[in-house]
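Architecture at a glance
The lines below spell out each chain.
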Amino acid sequence: MLPVEEKQRYAMAPGTVQGYGQAFVFSEDQKLDWCNMFALGLEPRYIRNPKLWPRRPAHFSETVETYSTEIRKLCANLLKYIAMSLGLKGNVFQEMFGSAVQAVRMNYYPPCPRPDLVLGLSPHSDGSAITVLQQGKGNSVGLQIFKDDKWVPVLPLPNALVINIGDTLEVLTNGKYKSVEHRAVTHEDKDRLSIVTFYAPSYEVELGPMAELVDENNPCKYKRYNHGEYNKHYITNKLEGKKTLEFAKIRPENSN
Ligand SMILES: O=C(O)CCC(=O)C(=O)O
Ligand SMILES: [Fe+2]
């Protein structure tokens, strides 16, 4: 691990999400999560901030590059099969997304003397279409998903990736695929690392439920919006369950 002074060179500027630090902090009295994040935008190239790419360890950038190229292919493939599972053409998401946005976040959760008092990462759904999450080898259980009104632990399996559905896919599929609310808890004497890739449409794309998935039995639940605006809304609000998806919801009072 790099010394803290070196990590500070890559510090996350307030209101941004790239670099080292804690994202989603908006007030002095907000209870902070027990987590150090390091995040980098990867694709399209213009979202990269080269000043935030650490020079040490020597192979860091190359490793991130190789890993991300493979994960990008995986995301494109998963979306192809998700499209087919909905009876749609395999390439619909690829065509719709344009140059897909890809970012990586490494979350480090140090051991926490009072896991009962503080979360590693507050409950949220991801704003992405899909998220690929890798948990450190031999890590303790930290990730939990909210299912049937309960927090359910996601056991780390050796050599397995966790795939989470994000808000964008919920909107596009008009709720057929639902984004998963999740959080991370801490451990009294074990640390934990997760490496998380977010894959989403290009910022200039206009999104809304796909026409093929809307009919009289499945009325349109979400409005059309610009993905860049949604992303801005997402990163300028604290993590709070699936609250960010409210942005896209058609409210009963203006649904007709
Ligand atoms: O550390 C984890 O397992 C959860 C990370 C996560 O949900 C995120 O980075 O969005
Ligand atoms: Fe997440």
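Scroll up to find the structure this text is about.
Computed from a prediction, not measured in an experiment: that's the story for all the values here.

1. Looking at the overall build of the protein
Check the secondary structure of the protein and you find five helices and twelve strands. The C-alpha radius of gyration of the protein comes to 18 Å, within 12% of the 18 Å expected for a compact globule of 256 residues. For the protein, the C-alpha atoms occupy an extent of roughly 55 × 40 × 35 Å along the three principal directions. Within the span of the protein, comprising 256 residues, buried residues form 47% of the whole. Sequence separation of at least 24 residues holds for 74% of the intrachain contacts in the protein that already meet a minimum separation of 6.

2. Here's the deal with the pairing of strand E3 (residues 101-109)
A large share of E3 lies buried, amounting to eight of its nine residues. As defined by bridge partners, strand E2 (residues 36-43) adjoins E3 across seven bridges and the pair is classed as antiparallel. Each bridged residue has a counterpart across the sheet, and for Met37 the counterpart in E3 is Asn107. Pairing of E3 with strand E10 (residues 192-200), which is carried by nine bridges, proceeds in the antiparallel orientation. Bridge pairing in E10 places Gln102 opposite Tyr199.

3. With respect to a nonpolar patch on the surface
Taken together, Val141, Leu155 and Leu157 make up a surface patch of nonpolar side chains, about 290 Å² in accessible area. Given the relative accessible area of 58%, Leu157 is considered exposed.

4. Brief notes about the nonpolar core
Core analysis: the largest hydrophobic core is formed by 40 residues, its most contacted members being Leu79, Ile82, Phe93, Phe97 and Ile130. Apart from residues lying up to four places away in sequence, Ile130 is in contact with Cys75, Leu78, Leu79, Ile82, Asn164, Ile165, Gly166, Leu169, Thr197, Phe198 and Tyr199. Core analysis: the next-biggest nonpolar cluster, separate from the first, contains eleven residues, Tyr20, Phe38, Leu42 and Val64 among them.

5. Quick notes on helix H2 (residues 60-85)
Three or four residues apart is the spacing at which side chains of an α-helix point the same way, because the helix has 3.6 residues per turn. In this model H2 runs 37 Å from its N-terminal to its C-terminal C-alpha over 26 residues, within 8% of the 38 Å that 1.5 Å per residue would give. Those residues of H2 not exposed but buried are Phe60, Val64, Ser68, Ile71, Cys75, Leu79, Ile82 and Ala83. Gly87 occupies a position one or two residues after H2 and carries a positive phi of about 75 degrees.

6. A word on the coordination of the iron ion (ligand 2)
Protein coordination at the iron ion (ligand 2) comes from His124 (NE2), Asp126 (OD) and His182 (NE2), with a distance range of 2.1 to 2.2 Å. Sequence positions of the residues that donate to the iron ion (ligand 2) give the spacing H-x1-D-x55-H. Of the two residues, Asp126 sits in the loop between strand E4 (119-124) and strand E5 (130-135) while His182 sits in strand E9 (residues 182-185), which places them 56 residues apart along the sequence.

Conventions and cut-offs
Residues numbered from 1 in each chain as written. Chains lettered and ligands numbered in written order. Predicted model: local features only at pLDDT ≥ 70, side-chain atom pairs only at ≥ 80, totals over all residues. Heavy atoms only, no water. Helix = DSSP H or I, 4+ residues; strand = E, 2+ residues; numbered from the N terminus. Rg over C-alpha atoms; globule rule 2.2 N^0.38 Å. Buried < 20%, exposed > 50% of the residue type's maximum accessible area, 1.4 Å probe, protein only. Contact = heavy atoms within 4.5 Å. Pairing = 2+ DSSP bridges. Patch = residues over 30% accessible without salt bridge, like charges linked within 9 Å, V, L, I, M, F, W, Y side chains within 5 Å. Areas by Shrake-Rupley, 256 points an atom, 1.4 Å probe, with all protein chains shown as cover. Salt bridge = Lys/Arg side-chain N within 4 Å of Asp/Glu carboxyl O. Core = buried A, V, L, I, M, F, W, Y, C linked by side-chain atoms within 4.5 Å. Expected span 1.5 Å × (residues − 1). Donors = N, O, S within 2.8 Å, 3.2 Å for Na, K, Ca; no water.

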